[in-house]
Amino acid sequence: MAKKTTVYWISGQAQLVALASPVRQEIVDVVSAIGPCSIERIAQALGWRADRLYFHVRRLVRVGLLVQRGISGHGRNAAAIYD
């Protein structure tokens, strides 16, 4: 069975500039591979600390390369889910 390939389009200069960072490229690749997930899950997949990713995820959201899809958990355990 052939592997499904997903194609994403860069729709502007801001998105292209955001992807100039190898860290942000890896974040987009991980979310694409594992689906909607929290920053903590992205960090686990990359083997990094979550606090290293918050700035990069905010930048990707701002330019439309990631979208916040909801919140999982409650109270102090709440985490945004990104896709």
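Undergrad: Even after reading the chapter, I still don't get the pairing of strand β2 (residues 79-82), so can you show me in this structure?
TA: Within a regular strand, the side chains alternate between the two sheet faces. Sheet topology places strand β1 (residues 68-72) next to β2; 4 bridges connect them, and they run antiparallel. Counterpart to isoleucine 71 in the pairing with β2 is alanine 80. Between β1 and β2, which pair antiparallel one after the other, the connecting turn spans 6 residues, and glycine 73 there sits at a positive phi close to 85°.

Undergrad: Just checking my understanding: could you explain the nonpolar core for this structure?
TA: Grouped burial of nonpolar side chains is what soluble globular proteins tend to show. Counting residues in each nonpolar core, the largest one holds 20 residues, and the members touching the most others are Ile27, Ile42, Leu53, Val57 and Leu66. Those elements that provide at least two residues to this core are α2 (22-34), α3 (39-46), α4 (54-62) and β2. When neighbours within four sequence positions are excluded, valine 57 is seen to be in contact with Ile27, Ile39, Leu66 and Tyr82.

Undergrad: Looking at this model, I keep getting lost on the side chain of glutamine 15. Mind explaining?
TA: As for its position among the elements, glutamine 15 is in helix α1 (residues 13-18). When its relative accessible area of 7% is taken as the criterion, glutamine 15 is described as buried. There is a polar contact of 2.6 Å between the side chain of glutamine 15 and the backbone nitrogen of serine 11. Setting aside its immediate chain neighbours within four residues, glutamine 15 contacts Trp9, Ile10, Val63, Gly64 and Leu65.

What counts and what doesn't
Residues numbered from 1 in each chain as written. Predicted model: local features only at pLDDT ≥ 70, side-chain atom pairs only at ≥ 80, totals over all residues. Heavy atoms only, no water. Pairing = 2+ DSSP bridges. Helix = DSSP H or I, 4+ residues; strand = E, 2+ residues; numbered from the N terminus. Core = buried A, V, L, I, M, F, W, Y, C linked by side-chain atoms within 4.5 Å. Buried < 20%, exposed > 50% of the residue type's maximum accessible area, 1.4 Å probe, protein only. Contact = heavy atoms within 4.5 Å. Polar contact = N/O pair within 3.5 Å; in protein donor to acceptor, adjacent residues only side chain to side chain.

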